[in-house]
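# Observations on chain architecture
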Amino acid sequence: MAKITASVYTSHVPAIGAALDLGKSGEPYWQPVFKGYDYSKQWLKDNPPDVIFLVYNDHATAFSLEMIPTFAIGTAAEFTPADEGWGPRPVPKVIGHPELAAHIAQSVIQQDFDLTIVNRMDVDHGLTVPLSLMCGQPQAWPCPVIPFAVNVVQYPVPSGRRCFELGKAIRKAVESFDKPLNVQIWGTGGMSHQLQGPRAGLINKEFDNAFLDQLITDPAGLAGKPHIDYVREAGSEGIELVMWLIARGAMSDVAGGPAPKVAHRFYHVPASNTAVGHLILENQT
Ligand code: DHB
Ligand code: FE
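Now for a description of the structure that goes with this document. (Residues numbered from 1 in each chain as written. Chains lettered and ligands numbered in written order. Predicted model: local features only at pLDDT ≥ 70, side-chain atom pairs only at ≥ 80, totals over all residues. Heavy atoms only, no water.)

### Details of the pairing of strand β2 (residues 51–56)
The following threshold applies: For every residue, the accessible area obtained with a 1.4 Å probe (protein chains only) is divided by the maximum for its type, and the residue is called buried under 20%, exposed over 50%, and partly exposed between those limits. Strands are runs of DSSP state E lasting at least two residues, helices are runs of H or I lasting at least four, and both sets are numbered from the N terminus onward. Here, a strand pair is defined by DSSP locating no fewer than two bridges between the strands.
With 6 of 6 residues buried, β2 is to be regarded as a mostly interior element. Side chains Val 51, Phe 53 and Val 55 project from β2 onto one buried face, and the interleaved Ile 52, Leu 54 and Tyr 56 project onto a second face that is buried too. Pairing of β2 with strand β8 (residues 182–188), which is carried by 5 bridges, proceeds in the parallel orientation. Bridge pairing in β8 links Leu 54 to Trp 186. The pairing of β2 with strand β7 (residues 145–150) spans 5 bridges and is parallel. Its bridge partner being in β7, Phe 53 is matched across the sheet by Ile 146.

Pasting the structure below:
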């Protein structure tokens, strides 16, 4: 059977992608950001997954006000990096895993979560920047990726509780797939940031670090945090953090297993307008 072996959490700041693509990652401003991912790049090489289930948000790129799926699973064979206004990022195309994605759609929908099935979708910085941070600049991404897009851009957004419960359903779905695949689940977006209005530039280090602490030790409690708390304390775009609860809900301790091992933890301010947070949790057997 397939198994979720680890979860990875990371911010997705678009300027990080631009820094890499334009050869600026060695500049003093960016060096400390990328340094936080040195361990992670080696870790991913040492712990290579067969498939990454990548929870992210689209930023009005593939979707728009014309159509707003709350949860969308990419079931296609491949996904092209999106043109977000400056041309597509010069990164590899994303190879999907239609067979596992279709199985997860079947299982999760039958567990009463209404997913939108997407067979054609360009993927924006929300998906490609986490891959760049974890993989660097390879000719091809190291394995197939199933994109799972969550609406955290246009209200109403899903609650942390629903995201956490969805993570549990995704774990059950993966573990009922009849092939011995090593699957990682990544939760991306966040941490605190606000891009518009009078509070633009808001960063809340205290909130972010408390979020990381509680995500590790008490995710069920953290899932009870109402959306308005994210907006008040972590800024309007801080709501992206509910996506981390999907990945956390898919870890085996939530289903009665042992607590995960914290393989890596990193926090850095600033990166563009965003606090960068990053965590790697390994399931223990
Ligand atoms: C920034 C962060 C984001 O999450 C995003 O989607 C766009 C911009 C920023 O910090 O600039
Ligand atoms: Fe974003």
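### With respect to the pattern of salt bridges
Here is the rule we go by: The term salt bridge refers to a pairing of a side-chain nitrogen on Lys or Arg with a carboxyl oxygen on Asp or Glu at a separation within 4 Å.
One pass over the full model with this rule turns up 9 salt bridges. Its salt-bridge partner being Glu 175, residue Lys 3 comes within 3.8 Å of it at the nearest N-O pair. Residue Lys 3 is found in strand β1 (residues 3–10), and its partner Glu 175 is found in helix α6 (residues 160–175); the two are separated by 172 residues along the sequence. In this structure, Lys 93 engages Glu 78 in a salt bridge whose closest nitrogen and oxygen atoms are separated by 3.2 Å. Linking Lys 93 in the loop between β4 (78–79) and β5 (94–95) with Glu 78 in strand β4, this pair joins segments that are 15 residues apart in sequence.

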